[in-house]
Amino acid sequence: MSLIKFYNFHFRYKGNDEYALKKINLEIESNRFILLAGETGSGKTSLIRCMNGLIPQFYAGYYKGYAEISGKNTTETPISELSTEVGIVFQNPENQLIAMNVEHEIAFGLENLGIPREEIKEKIKEVVAITEIESIIDKAPFEISGGEQQRVAIASILVLEPRVIVLDEPTANLDPLFARKILNLLKKIQVEKKMTVIISEHRMDLILPLVDDIILMKEGEIIAHGVKDEVINSNTFENLNINKPKIYSIFNELKNRNQFQHDIPVSIKDAVSSLKMIK
Ligand SMILES: Nc1ncnc2c1ncn2[C@@H]1O[C@H](COP(=O)(O)OP(=O)(O)OP(=O)(O)O)[C@@H](O)[C@H]1O
Ligand SMILES: [Mg+2]
């Protein structure tokens, strides 16, 4: 069964003439690592807001069509209930961190669900180890770095054991080294927990080697959704105005000059093997 399903879904924010989301048909399965990419303003954040019912329940506007999460209609099921199926880390996670210290922050969601204290302790221990934040557990959210805040935000969602975690530009405020660490950590969690992770991310060079599938958006529509190699080698990807990785640009140029006829590599390791195939 698909975890997330959209049937011909449309959404227009109140006060806007244009629809931010148009004709969205999408099915997302379990155990996938998915990149959501598209030009600025193409609707990525809006699509993410649909995935726990914030659209249309919280954001005022008009919708058409239908969307469901684990079989639950997103227009009627309370956001709190949908949030246990799909956990979302929005941009600037410091706005999401509200508790006195990191431990309370992570416990917050579980306490709201009425989970017994001993069980909460066990679950916290596990996610703190996975996200490697043992050393900051007693600190206040404002005392820790941007990268640590990202980890805490991820731990707070992970502890609720959702089937899907969605992250909107999780590395936007991080340096490349931390960005790589966070993305690798998410990949590790996704594989270990066999969950689905969806990430909107501009750092293509860091994320492409990790992903299984890619969703491309343009002007409120999904213009491609498929396995990585298929999407990357398509004209749709070539024509999209997004920051492409250097490796992609080099091999795509070689392909256009008929000097390379294979799938375009996305990691340095694959690029090295691909170099041997150049005519
Ligand atoms: N809260 C809002 N109220 C009104 N319009 C909005 C709101 N949020 C987004 N929009 C509009 O919806 C459209 C899609 O925006 P969205 O933020 O989903 O794009 P995006 O792909 O996430 O862009 P970016 O890459 O810049 O984050 C834009 O035209 C934007 O102005
Ligand atoms: Mg956005």
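Above this note sits the structure.
Since this is a predicted model, take the numbers as computed values, not measurements.

1. What about helix H11 (residues 246-256)?
Every α-helical turn comprises 3.6 residues, leaving residues that sit three or four positions apart pointing alike.
Now for step 1: Turning to H11, its buried residues number three or more, namely Ile 247, Tyr 248, Phe 251, Asn 252 and Leu 254. In a view along the axis of H11, the buried residues occupy a sector of 160°, so they form one face of it. Residues of H11 that are exposed and angled more than 90 degrees away from the buried face: Lys 246, Ile 250 and Asn 256.
Now for step 2: For H11, the secondary structure elements touched by its buried residues are helix H9 (228-232), helix H10 (235-239) and helix H12 (268-275).
Now for step 3: Residue Asn 258 follows H11 closely and has a positive phi angle near 65°.

2. Examining the site of ligand 1
Now for step 1: Close to ligand 1 lie 15 residues, the nearest being Thr 40, Gly 41, Lys 44, Thr 45 and Ser 46.
Now for step 2: The contact in question runs from an oxygen atom of ligand 1 to an N or O atom on the backbone of Gly 41, over 2.8 Å.
Now for step 3: Within the backbone of Ser 42, an N or O atom sits 3.2 Å from an oxygen atom of ligand 1.
Now for step 4: In isolation ligand 1 exposes 630 Å². Once the protein is present, 65% of that is buried.
Now for step 5: In terms of residue count, the dominant contributor to the shell around ligand 1 is helix H1 (residues 44-50) (4 residues).
Now for step 6: Residue composition of the shell around ligand 1, grouped by class: 3 nonpolar, 8 polar and 4 charged.

3. Examining the environment of Ser 145
Now for step 1: Structurally, the position occupied by Ser 145 is in the loop between helix H5 (117-130) and helix H6 (146-158).
Now for step 2: A C-alpha to C-alpha distance of 9.9 Å links Ser 145 and Glu 94, two positions 51 residues apart in sequence.

4. Some thoughts on the pattern of salt bridges
Now for step 1: Across all of its chains, the model carries 11 salt bridges by this definition.
Now for step 2: With a shortest N-O distance of 3.9 Å, Lys 23 and Glu 221 are connected by a salt bridge. A residue pair is termed long-range when its members are at least 10 positions apart, and Lys 23 in strand S2 (residues 21-28) and Glu 221 in strand S10 (residues 221-227) qualify at 198 residues.
Now for step 3: For Lys 23, a relative accessible area of 49% gives the class partly exposed.
Now for step 4: Where Arg 257 meets Glu 253, a salt bridge forms, and the shortest distance between an N and an O atom there is 3.1 Å.
Now for step 5: Judged by its relative accessible area of 40%, Glu 253 is partly exposed.
Now for step 6: Look at the salt bridges and you will find they share partners, linking Lys 72, Glu 81, Glu 85 and Arg 163 into a network.

5. Brief notes about the sheet that holds strand S3 (residues 33-38)
Now for step 1: Read across the open sheet, the 6 strands follow the order S6-S7-S8-S3-S9-S10; overall the sheet is mixed. At either end of the open sheet lies a strand with only one pairing partner, and these are strand S6 (86-89) and S10. Put simply, the sheet's adjacent strands are angled 15° from each other on average, direction ignored.
Now for step 2: Note that S6 and strand S7 (residues 164-168) share 4 bridges and pair parallel. What sits directly across from Val 86, in S7, is Val 164.
Now for step 3: Across the face of the sheet, H6 comes into contact with S6 and S7 while running at roughly 165° to S6.

6. Considering the sheet that holds strand S1 (residues 4-13)
Now for step 1: Taken in spatial order, the 4 strands of this open sheet run S2-S1-S4-S5, and their pairing is antiparallel. Because the sheet does not close on itself, it has two edges, and the strands there are S2 and strand S5 (72-73).
Now for step 2: Examined bridge by bridge, strand S4 (residues 61-69) and S5 share 2 bridges and lie antiparallel to one another. Within S5, the position partnered with Ile 69 by the bridge is Lys 72.

7. A look at the pairing of S3
Now for step 1: Within S3, 6 of the 6 residues are buried, leaving the element largely enclosed by the surrounding structure.
Now for step 2: On S3, burial covers both faces: Phe 33, Leu 35 and Ala 37 on one face and Ile 34, Leu 36 and Gly 38 on the other are all buried.
Now for step 3: In this sheet, strand S8 (residues 196-200) lies alongside S3 in parallel orientation, the contact comprising 4 bridges. From the neighbouring strand, Ile 34 faces S8, where its bridge partner is Ile 198.
Now for step 4: In terms of strand pairing, S3 meets strand S9 (residues 213-218) through 5 bridges, oriented parallel. What sits directly across from Ile 34, in S9, is Asp 213.

Cut-offs and rules
- Residues numbered from 1 in each chain as written.
- Chains lettered and ligands numbered in written order.
- Predicted model: local features only at pLDDT ≥ 70, side-chain atom pairs only at ≥ 80, totals over all residues.
- Heavy atoms only, no water.
- Buried < 20%, exposed > 50% of the residue type's maximum accessible area, 1.4 Å probe, protein only.
- Helix = DSSP H or I, 4+ residues; strand = E, 2+ residues; numbered from the N terminus.
- Arc of directions from axis to C-beta.
- Contact = heavy atoms within 4.5 Å.
- Near = heavy atom within 4 Å.
- Polar contact = N/O pair within 3.5 Å; in protein donor to acceptor, adjacent residues only side chain to side chain.
- Areas by Shrake-Rupley, 256 points an atom, 1.4 Å probe, with all protein chains shown as cover.
- Nonpolar A, V, L, I, M, F, W, Y, C, P; charged D, E, K, R; others polar.
- Salt bridge = Lys/Arg side-chain N within 4 Å of Asp/Glu carboxyl O.
- Pairing = 2+ DSSP bridges.
- Axes fitted to C-alpha atoms, helices over the stretch in contact; angles between N-to-C directions.

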